[in-house]
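Descriptive structure summary
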Amino acid sequence: MSVVDVIAPSTVRQEHLFEQIAIRLPDEVDGDWTAVVFNHRNLSSVSDGRIDIHRPGGYIDYSVPPDVVIPLIEELRQVMYRPGRGTWLSGQWTITDIDGNGEKISADASFNRDDEPLWRRAVNPEMYALDLEAFPRDQESTPDWLRQKVAEARRAS
């Protein structure tokens, strides 16, 4: 089995998951919208996300993501894991309504592997330690703030 054989299925699955998340994010959005922006933070055992719904006229409404996207996001973190590099900690999906009725959309996403996520509520450092166990990183791929969280978790246990 070559490296291409291993990477290709992972990349195909990653693209499929990205697409499924993008399609489902607007599912529970009522009324007209111009864009849906989903900000999500995730560790192995805790996650937090919010959808900002951009309405015509500039008004912004808020919603929680549909339940169906949570397992897709968790799988996407697993599929995007790279040995030694870890996986992403937060992501942002931007879905834009191209035709004005939600039938034709464009989707874009960005993922953060290195910066500490901005949580709405404080997260126990133990959650970071568990995530690092689930998605190991080499020393050079572990940011200082993450090392500090893991050290704090160890001191507390």
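These numbers come from a predicted model, not from an experiment. (Residues numbered from 1 in each chain as written. Predicted model: local features only at pLDDT ≥ 70, side-chain atom pairs only at ≥ 80, totals over all residues. Heavy atoms only, no water.)

Some thoughts on the packing of aromatic side chains
In total, this model carries six aromatic pairs according to the counting rule given. Ring geometry for Trp88 and Trp93: centres 6.0 Å apart, planes at 75°, overall edge-to-face. A residue is classified by how much of its surface remains accessible, and Trp88, at 0% relative accessible area, is buried. Relative accessible area serves as the criterion here: at 0%, Trp93 is assigned to the buried category. Note on Trp93 and Phe111: the rings are 5.4 Å apart at their centroids and 90° apart in plane angle, and the pair reads as edge-to-face. Taken together, the positions of Trp93 in strand β4 (residues 90-97) and Phe111 in strand β5 (residues 105-112) put the pair 18 residues apart, joining distant regions of the chain. Taken together, the ring pairs connect Phe38, Trp88, Trp93 and Phe111 into an aromatic cluster. Its guanidinium or amino end placed over the ring of Trp88, Arg77 lies 5.9 Å from that ring's centre, counting from NZ or CZ. (Phe/Tyr/Trp six-rings, centres within 6.5 Å; stacked < 30°, edge-to-face > 60°. Buried < 20%, exposed > 50% of the residue type's maximum accessible area, 1.4 Å probe, protein only. Helix = DSSP H or I, 4+ residues; strand = E, 2+ residues; numbered from the N terminus. Lys NZ or Arg CZ within 6 Å of the ring centre and 35° of its normal.)

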